[in-house]
Amino acid sequence: MNHDPWIWIGAFLTLMIFSFLYKDNPFYKFAEHLFVGVANGYYIVFYWQNALMPNLFEPLGAGNLVYLVPLLLGLMYFARFIPKIGWLVRIPIGFMIGWGAGISIPAYFQAFVLRQLQGTIITPQSFENTIDGVWAVVILIGVICTLVYFYFSKEHKGILKPVSRLGIMFIMIGFGASFGYTVMARVSLLIGRIQFLLGPWLGLID
Amino acid sequence: MKWYEAISKIDRRIIYLLLTVFVILPFFVPFKIRQNIMPQTQRLFDFVESIPPDDKVVMISFDYTPQTMPECHPMAIALLKHCFARNIPVLGLSFDIQAPGLAVEAFTTVVNELNLKASNYDDSLFYGKDYVYLGWKSGFTAAVLDMGESIAGVFPRDYFKHPVDSLPLMQKTKNYKDVAIAIVLSASAYPEYWVLYPQSRYGVKVGAGLTAVMAPKYYPFLQTGQFSGMMSGMKGAAEYEHLIVEKGYTKKLGRAETGMNSQSIVHLLIITIIILGNIGFFFSRRDQKQS
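Values in this document were obtained by computation on a predicted structure and should not be read as measured data.

Caption draft 1: Molecular detail of the overall build of chain A. Scanning chain A from N- to C-terminus turns up 6 helices and 0 strands. Its helices and strands taken in sequence order, chain A reads α-α-α-α-α-α from the N to the C terminus. For chain A, whose C-alpha radius of gyration is 27 Å, the value lies well above the compact-globule estimate of 17 Å for 206 residues. If one aligns the C-alpha atoms of chain A with their principal axes, the spans along those axes are about 65 × 60 × 40 Å. Within chain A, buried positions represent 7% of all 206 residues. Within chain A, contacts between residues separated by at least 24 positions form 21% of all contacts whose residues are at least 6 apart in sequence.

The structure is reproduced here in structure tokens:
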């Protein structure tokens, strides 16, 4: 069994959190509140030391006055708390939206729209390997049927009905895969904690 | 209460207890379930295999959190072992605020383990020459775009406050041209942003190590070739561990591979519970219809 007090604190906090699975209790509440407090403290100190100090206050202290511009823009966010000058908050928000849109929109179209469209198009190269060719056809059918399912401008009658039905089957398979992966993720977290309790704490496993 | 009503009303605490027992059991009753390697993990492994030794760096972005450590940390350990075994230099960095401690822990664990086995000076790993951890940076978008021009411009000092220009590895790693692949180990949306910004603008090859919850969303990026490979959850990590053992880079299996025994058993339990629940539901509904 480990003699490191931090391992013991970690183990007890883990058990306190797990106690919620039985029912809500003061031990769980204590661990939950402690977590929120520690996390907030960590974030504040981390940002101060690693973001504000090196990126703003140290350059300003060294006489680099250009950094007054981001400082002023940042302070304008707090204008929201003073109704008379509340309109000032629009300046940094406008700046962020303009910068963000300019950076993101072309990249977004290229990476998430055009490249994904290219991935759906079947070319002779798709059939160089038979299995890949079959999957390329399945993907094309899946994309078209799913898009038809979300096409609400026309009632799903005639040819649209079976196509949209097939579309919802693809969607359901997607949901099933997501659910399966989610179960695996959550079980992994439990395994991680059990490995910690049995290993570093109790020393029963490597 | 009829039997089918009983099985659809099992107390959730009994299910939690069963889950815990099924997770613990495989650690004490050893057995081996064969891992089949998924193509996306094999692709990532093959990509790292194809990088020439002592040439370009593998950039690993450590962006996972303590909550997702069981899934992403074994990926980091396995990747580092693979790169160091092939003399591929590693450049680590983080954009998630909770990640730096975990990244340093991963480097320390692997480097200490390999240096203990090193038979001579040339086999040993040295900070600054074989690997560098740049630390954390705020402002993800601006940082990843600026690294296309100069990595040292974005990270003037590394995590340990050394001037980056003074490190031998960084003298030959100026920007993305010197990066073979950026592998993002993440529990949030960082991998798609690596595709969105550095890949779109600079053509950076991107690989990913994701939590299982995220994996389904990222399969389209594999199909288009935007991801050069991907590890999905604890299974992906176990597969990568399996591949490096199979190739002879290490003898010791990692935590993910041992955890996968529990994972497999628990999945069988969950499938059984789902089937029982459905049987209970269908029989109860039949009773309701008849009455």
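Caption draft 2: Looking closely at the sheet that holds strand β2 (residues 90-94) of chain B. Residues and elements named next belong to chain B. With parallel pairing, the 6 strands of this open sheet are ordered in space as β3-β2-β1-β4-β5-β6. Lying at the two open borders of the sheet, with one neighbouring strand each, are β3 (131-136) and β6 (227-232). Taking the axes of each pair of neighbouring strands and ignoring which way they run, one obtains an average angle of 15° across the sheet.

Caption draft 3: The interface of chain B and chain A, seen in detail. Contacts between the two partners involve 37 residues from chain B and, on the opposite side, 35 residues from chain A. Those elements that place two or more of their residues in the side of chain B that touches chain A are α2 (12-28), α4 (69-85), α9 (190-202), α10 (215-223), α11 (233-246) and α12 (255-290) of chain B.

Caption draft 4: Quick look at unusual backbone geometry. All names here are of chain B. In this structure, N87 takes a positive phi of about 55° despite not being glycine. Take N87: it is sitting in the loop between α4 and β2. Judged by C-beta crowding, with 15 C-beta atoms within 10 Å, N87 ranks as partly exposed. Positive phi values are uncommon outside glycine, yet K161 reaches one of about 70°. By the secondary structure assignment, K161 is in the loop between α7 (151-154) and α8 (168-171).

Caption draft 5: Summary view of the domain arrangement of chain B. Residues and elements named next belong to chain B. The domains assigned to chain B are domain 1 (1-31 + 257-291) and domain 2 (35-253). Centre-to-centre separation of domain 1 and domain 2, based on C-alpha positions: 38 Å. Counting from both sides, the interface comprises 5 residues of domain 1 and, opposite them, 8 residues of domain 2. Across the side of domain 1 that touches domain 2, the residue classes tally to 1 nonpolar, 3 polar and 1 charged.

Caption draft 6: Representation of the packing of helix α6 (residues 160-201) of chain A against α12 of chain B within the structure. α12 of chain B packs onto α6 of chain A with a crossing angle of 125° between their chain directions and a minimal axis gap of 9 Å. When the interaxial angle is binned, α6 of chain A and α12 of chain B end up oblique. Like other packed secondary-structure pairs, α6 of chain A and α12 of chain B cross with a definite hand, here right-handed. Only R255, G259, S262, Q263, V266 and I270 of chain B of α12 of chain B make contact with α6 of chain A, whose side of the interface consists of V183, M184, V187, S188, I191 and Q195 of chain A. Among the residues forming the contact of α6 of chain A with α12 of chain B, the class breakdown is 6 nonpolar, 5 polar and 1 charged.

The rules we used
Residues numbered from 1 in each chain as written. Chains lettered and ligands numbered in written order. Predicted model: local features only at pLDDT ≥ 70, side-chain atom pairs only at ≥ 80, totals over all residues. Helix = DSSP H or I, 4+ residues; strand = E, 2+ residues; numbered from the N terminus. Rg over C-alpha atoms; globule rule 2.2 N^0.38 Å. Buried ≥ 20, exposed ≤ 12 C-beta atoms within 10 Å, placed from the backbone. Contact = placed C-beta atoms within 7 Å. Pairing = 2+ DSSP bridges. Axes fitted to C-alpha atoms, helices over the stretch in contact; angles between N-to-C directions. Domains from an automatic or database assignment. Nonpolar A, V, L, I, M, F, W, Y, C, P; charged D, E, K, R; others polar. Parallel < 35°, antiparallel > 145°, perpendicular 65-115°, else oblique. Left-handed = near helix turned anticlockwise from the far one by under 90°.

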